[in-house]
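Coordinate analysis (summary)
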Amino acid sequence: MSTQHAKISASVYTSHVPAIGAALDLGKSQEPYWQPVFAGYEASKTWMKENTPDVIFLVYNDHATAFSLEMIPTFAIGCAERFQPADEGWGPRPVPVVQGHPELAAHIAQSVIQQDFDLTIVNKMDVDHGLTVPLSLMCGQPQAWPCPVIPFAVNVVQYPAPSGHRCFELGKAIRRAIESYDTPLNVQIWGTGGMSHQLQGARAGLINPEFDNAFLDQLISDPQNLAKMPHIDYVREAGSEGIELVMWLIARGAMDDVAGGKAPRVAERFYHVPASNTAVGHLILENQP
Ligand SMILES: O=C(O)c1ccc(O)c(O)c1
């Protein structure tokens, strides 16, 4: 591929627990409960400063904020110039407006839809904690986010959610789309949500560290097989909200292929239980030059 084209340099994976955003916004990040969570991201914040991309393609889920049970696309790509932080009930988070990249987003939409994945084009959308908490964890509290962000919303809220396999294949299509964009942009792809958690019902509070750590291991070294895991296994092992982890497979699908002999480098790995009701997991993978 010519160096005149965009490329994916790295992927970031992280939970997006809303209480993490509230802790930061309310100045509680050094309290004993929260300190270990934020400490786990210190090295990643340094990495982010040293490896700031031109664009972040950020895979997340909307939590009935921009969409609702009235209308919920399986995959939606944000093509707007900018996206406002959403009001999720306590006013919008005091974080910067998210600048989009309409040109690259339109190119990805064109390419991915022509590769037979149906995407919904979104030209106006507020972004909730699913998108802003990962930015806060990786960038802290800047005046402006360090680069444009293309929001990519996945339905993991209203059944049926897409399979891990479909997400993994979609990641590959997104990579082909980015690598056919004829401007040499450095793009990161982020997969967010998870890890194990269940917010409702008889198993509310479920956390499964064995499953989570096995998921991290396999995401690194054997994502092809991990992508075969059926939906019911996520729900049984990681709880009803654990299904958010299929979004990590979109980001992993866009990265170098272990099966093809090119293993990405693990730059950071962190796991902590709990933050609010959730197990926090985090990885950074870098494609090798
Ligand atoms: O742990 C929690 O409280 C919690 C709440 C809402 C979410 O969307 C989530 O991912 C986690």
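Criteria and thresholds
Residues numbered from 1 in each chain as written. Predicted model: local features only at pLDDT ≥ 70, side-chain atom pairs only at ≥ 80, totals over all residues. Heavy atoms only, no water. Helix = DSSP H or I, 4+ residues; strand = E, 2+ residues; numbered from the N terminus. Buried < 20%, exposed > 50% of the residue type's maximum accessible area, 1.4 Å probe, protein only. Polar contact = N/O pair within 3.5 Å; in protein donor to acceptor, adjacent residues only side chain to side chain. Contact = heavy atoms within 4.5 Å. Near = heavy atom within 4 Å. Areas by Shrake-Rupley, 256 points an atom, 1.4 Å probe, with all protein chains shown as cover. Nonpolar A, V, L, I, M, F, W, Y, C, P; charged D, E, K, R; others polar. pLDDT = per-residue confidence, 0-100. Phe/Tyr/Trp six-rings, centres within 6.5 Å; stacked < 30°, edge-to-face > 60°. Expected span 1.5 Å × (residues − 1). Disulfide = S-S within 2.5 Å. Core = buried A, V, L, I, M, F, W, Y, C linked by side-chain atoms within 4.5 Å.

**With respect to the side chain of Ser9**
With respect to the secondary-structure elements, Ser9 resides in strand E1 (residues 7–14). Taking relative accessible area as the criterion, Ser9 reaches 18% and is therefore assigned buried. Within the local environment of Ser9, its side chain forms a polar contact with the side chain of Asn186, the two groups lying 2.6 Å apart. Contacts of Ser9, omitting those with residues within four sequence positions, involve Asn186, Val187, Gln188, Glu286 and Asn287.

**Structural notes on the site of the ligand**
Around the ligand sit His16, Val17, Pro18, His63, His129, His197, Leu199, Glu244, Ala275, Ser276, Asn277 and Thr278, and those are all the residues in its vicinity. Between the ligand and His197, the relevant distance is 3.1 Å, taken from an oxygen atom to a side-chain nitrogen or oxygen of the residue. Separating an oxygen atom of the ligand from a side-chain N or O atom of Thr278 is a distance of 2.6 Å. Taken by itself the ligand offers 290 Å² of open surface, and the protein chains cover 87% of this. Residue composition of the shell around the ligand, by class: four nonpolar, seven polar and one charged.

**What about the confidence of the model for the protein chain?**
Averaged over the protein chain, the pLDDT score is 97; the fraction of residues at 70 or greater is 99%. In the predicted complex, the global pTM is 0.98; the interface-specific ipTM is 0.95.

**Digging into the packing of aromatic side chains**
Inspection of every chain in the model, using the stated rule, returns nine aromatic pairs. Connected via pairs of aromatic rings, a cluster forms that spans Tyr13, Phe211, Phe215, Tyr234 and Trp248.

**A short note on helix H6 (residues 164–179)**
Along its 16 residues, H6 runs 23 Å from first to last C-alpha, staying within 8% of the 22 Å computed at 1.5 Å per residue. If you check which residues of H6 are buried, you get Gly164, Cys167, Phe168, Leu170, Gly171, Ala173, Ile174, Arg175, Ala177, Ile178 and Glu179.

**Observations concerning helix H10 (residues 246–253)**
For H10, the tally of buried residues reaches eight of eight residues, placing the bulk of the element in the interior. Of the residues making up H10, those classed as buried are Val246, Met247, Trp248, Leu249, Ile250, Ala251, Arg252 and Gly253.

**Here we look at the state of the cysteines**
Every disulfide links exactly two cysteines, by a covalent bond between their sulfur atoms. One pass over the structure, following the stated rule, counts zero disulfides. The closest cysteine sulfur to the non-disulfide-bonded Cys147 is located on Cys139, 7.3 Å from its own sulfur. There is no disulfide at Cys167, and the cysteine sulfur nearest it, in Cys79, is 18 Å away.

**A look at the nonpolar core**
Within the largest apolar cluster, 56 residues are counted, with the highest numbers of intra-cluster contacts made by Phe57, Ile77, Phe152 and Phe215. If near-sequence neighbours (up to four positions away) are discounted, Phe215 is found in contact with Met195, Leu226, Met229, Tyr234, Leu245 and Trp248.

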